[in-house]
Amino acid sequence: MKLSDLDLDSKMIMALKKAQIVEAKQILYFSNTELQHLTNISSDNILKLKEKVAERYIHQRCYNALNIYQKEVPLQLQHWKLSTACRTIDSILRGGILSGVLTEITGGSGCGKTQLCLQLCISVQFNKERAGGAVFICTENAFPSKRLQQMIQHYGQFLPGQNLGDKIFVEHVVDFDTLEFCVKKKLPTLINRGLIQLVVLDSITALFRCQYDSSQLLNRAKHLIEFASTLRQLAHQNSIIVVCVNQVSANMNKIGLQDSDVVPALGLTWSNQMTCRILLSRFTYHEEYTDDSGQAMTRRKLKVIFAPHLRQSELDIQISDSGIQGIKPQFLNT
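It should be emphasised that the depicted structure is a prediction, and the values quoted were computed from it without experimental measurement.

## Side note on the overall build of the protein
Move 1: Within the protein, the regular secondary structure consists of eleven helices and 15 strands.
Move 2: The C-alpha radius of gyration of the protein comes to 25 Å, more than 25% above the 20 Å expected for a compact globule of 334 residues.
Move 3: Expressed as lengths along the three principal axes of its C-alpha atoms, the size of the protein is roughly 90 × 50 × 40 Å.
Move 4: Looking at the protein as a whole, 49% of its 334 residues are labelled buried.
Move 5: Look at the contacts in the protein between residues 6 or more apart in sequence, and 62% of them connect residues 24 or more apart.
Move 6: Of the side chains in the protein, 37 bear a positive and 30 a negative charge, and the two mean positions are spaced by 3 Å.

This is the structure we're talking about:
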């Protein structure tokens, strides 16, 4: 935008040009004192000038809490929650997984991380506010298609006439180039066509552990921040759910997670990019019990580590043919 577009008097335009300010946006680069020193324009006129430029460049109106509650706001501010298809788990998540932010599901092998993600891929198709499909990005083992079909057989009875698997898009990536092409090219296309409301990355750890060694921690940190920023922008601008699965590492110094034996991988750099972290773990003692069908199962635990909208809490969970169900929530002292 040129200075002539601001309807300024000729003296002010001459003063600005003498200070080598030829575009309107350059005015916002300087403080009031700097502009006054460069142009000899009075402080009152500097304030009016900046207000006039800001009005031209900033078109967003202000919104209050009532506007957000009534959803009279742009898409980026319309947060919604995705149910886990289990009321007990939803109770400690206050309705489910939050949109517009990055949510991490972490835990050791065999704790149910992938199964919870599969359950979310099915649940998103039942959502009343933003029903849609899901993208499941695999970076490690083959996609668990048999387990997905087992869960679809259970939930399919609640949505007759539709194949729940048709709206789950699976992408297997083995390197960063393929992953970045998927995130930056394929995902925006599916989102713009209104085909998906959920993105699952299982897992973020595999590629970063293979790509960098201990002497490249700085480069890894920069790459992590850049990649997380891309995912966060996708989630925020489109108000979709983005879930990243993370592995765990041995907790050699017994720090974090209340002296747990393990900590989420990728360190503090990645942790700072997450809005919500959910930890899945097995019981320290292997207590077994049976469900209604008499099938023996091992107990596991789901724990909210941090989230700005949730209190720290945990509950026992069990895995059955239909997926993951919660047993009893417990709220921790914080």
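## Structural notes on helix α10 (residues 217–238)
Move 1: With 22 residues, α10 should reach 32 Å at 1.5 Å per residue; the first-to-last C-alpha distance of 32 Å fits that figure.
Move 2: Within the sequence span of α10, burial applies to Arg-220, Ala-221, His-223, Leu-224, Phe-227, Ala-228, Thr-230, Leu-231, Leu-234, Ala-235 and Asn-238.
Move 3: On the buried face of α10, the contacting elements are β3 (102–107), α8 (176–192), β6 (196–202), α9 (205–211), β7 (241–246) and α11 (267–271).
Move 4: With its phi angle positive at about 50°, Ser-239 sits one or two positions after the end of α10.

## A word on helix α7 (residues 145–155)
For an α-helix, the turn length of 3.6 residues means that residues three or four places apart are oriented alike.
Move 1: For α7, the complete set of buried residues consists of Arg-147, Leu-148, Met-151, Ile-152 and Tyr-155. All buried residues of α7 fall inside an arc of 140° around its axis, so they share one side. Relative to its buried face, α7 has exposed residues pointing more than 90 degrees away, namely Lys-146 and Gln-153.

## Let's talk about the side chain of Ser-203
Move 1: On the secondary structure map, Ser-203 appears in the loop between β6 and α9.
Move 2: Within the structure, the side chain of Ser-203 is placed 3.4 Å from the backbone nitrogen of Thr-205, a separation counted as a polar contact.
Move 3: If sequence neighbours within four positions are ignored, Ser-203 has contacts with Thr-139, Glu-140, Val-245 and Gln-247.

## Some points on a nonpolar patch on the surface
Move 1: Side chains of Met-1, Leu-28, Tyr-29 and Tyr-57 sit close together on the surface and give an oily, nonpolar patch of about 390 Å² of accessible area.
Move 2: Here Tyr-29 lies in the loop between α1 (10–18) and α2 (32–39).

## Section: the pairing of strand β13 (residues 300–306)
Move 1: Taken across its seven residues, β13 has six buried, putting it largely inside the fold.
Move 2: Pairing geometry for strand β10 (residues 276–282) and β13, over six bridges, is antiparallel. For Arg-277, the partnering residue across the bridge sits in β13 and is Phe-306.
Move 3: In textbook terms, the turn of a hairpin is the stretch between consecutive antiparallel strands, and for β13 and strand β14 (residues 313–320) this stretch comprises six residues.

## Describing the environment of Gly-165
Move 1: Of note, Gly-165 is situated in the loop between α7 and β5 (168–172).
Move 2: With a relative accessible area of 23%, Gly-165 lands in the partly exposed category.
Move 3: Residues Gly-165 and Ile-122, spaced 43 residues apart in sequence, show a C-alpha to C-alpha distance of 8.1 Å.

## Here we look at unusual backbone geometry
Move 1: Residue Ser-203 is reached from Asp-202 by a cis peptide bond, and omega for that bond is 0°.
Move 2: A positive phi angle, near 55°, is found at Arg-94, a position not held by glycine.
Move 3: With respect to the helices and strands, Arg-94 occurs in the loop between α5 (87–92) and β2 (97–98).

## Side note on the UniProt feature "domain: RecA family profile" (unreviewed entry) in the protein
Move 1: Cross-referencing UniProt, the feature "domain: RecA family profile" (unreviewed entry) maps to residues 78–248 in the present numbering.
Move 2: The straight-line gap between the two end C-alpha atoms of residues 78–248 is 33 Å; of that span, 43% is helix and 20% is strand.

## Let's talk about the packing of α8 against α10
Move 1: At their nearest, the axes of α8 and α10 sit 11 Å apart, and the two run at 10° to each other. As the angle between them shows, α8 and α10 are arranged roughly parallel. On α10, the residues touching Phe-176, Leu-179, Glu-180, Val-183, Lys-184, Leu-187, Pro-188 and Ile-191 of α8 are His-223, Glu-226, Phe-227, Thr-230, Leu-231, Leu-234 and Asn-238.
Move 2: Looking at the contact of α8 with α10 residue by residue, the class counts come to nine nonpolar, three polar and three charged.

## Topic: the nonpolar core
Move 1: Counting residues in each nonpolar core, the largest one holds 43 residues, and the members touching the most others are Leu-198, Val-243 and Leu-302.
Move 2: No other element matches the six residues that helix α6 (residues 113–123) contributes to this core.
Move 3: Discounting chain neighbours no more than four positions away, the residues touching Leu-302 are Ile-89, Ile-92, Leu-116, Ile-278, Leu-279, Leu-280, Ser-313, Glu-314, Leu-315 and Ile-317.
Move 4: Within the second largest apolar cluster, 31 residues are counted, among which are Val-183, Ala-235, Cys-244 and Met-274.

Cut-offs and rules
Residues numbered from 1 in each chain as written. Predicted model: local features only at pLDDT ≥ 70, side-chain atom pairs only at ≥ 80, totals over all residues. Heavy atoms only, no water. Helix = DSSP H or I, 4+ residues; strand = E, 2+ residues; numbered from the N terminus. Rg over C-alpha atoms; globule rule 2.2 N^0.38 Å. Buried < 20%, exposed > 50% of the residue type's maximum accessible area, 1.4 Å probe, protein only. Contact = heavy atoms within 4.5 Å. Lys, Arg positive; Asp, Glu negative; His and termini not counted. Charge placed at Lys NZ, Arg CZ, Asp CG, Glu CD. Expected span 1.5 Å × (residues − 1). Arc of directions from axis to C-beta. Polar contact = N/O pair within 3.5 Å; in protein donor to acceptor, adjacent residues only side chain to side chain. Patch = residues over 30% accessible without salt bridge, like charges linked within 9 Å, V, L, I, M, F, W, Y side chains within 5 Å. Areas by Shrake-Rupley, 256 points an atom, 1.4 Å probe, with all protein chains shown as cover. Salt bridge = Lys/Arg side-chain N within 4 Å of Asp/Glu carboxyl O. Pairing = 2+ DSSP bridges. UniProt positions renumbered as here; feature names shortened; annotations may be inferred. Axes fitted to C-alpha atoms, helices over the stretch in contact; angles between N-to-C directions. Parallel < 35°, antiparallel > 145°, perpendicular 65-115°, else oblique. Nonpolar A, V, L, I, M, F, W, Y, C, P; charged D, E, K, R; others polar. Core = buried A, V, L, I, M, F, W, Y, C linked by side-chain atoms within 4.5 Å.

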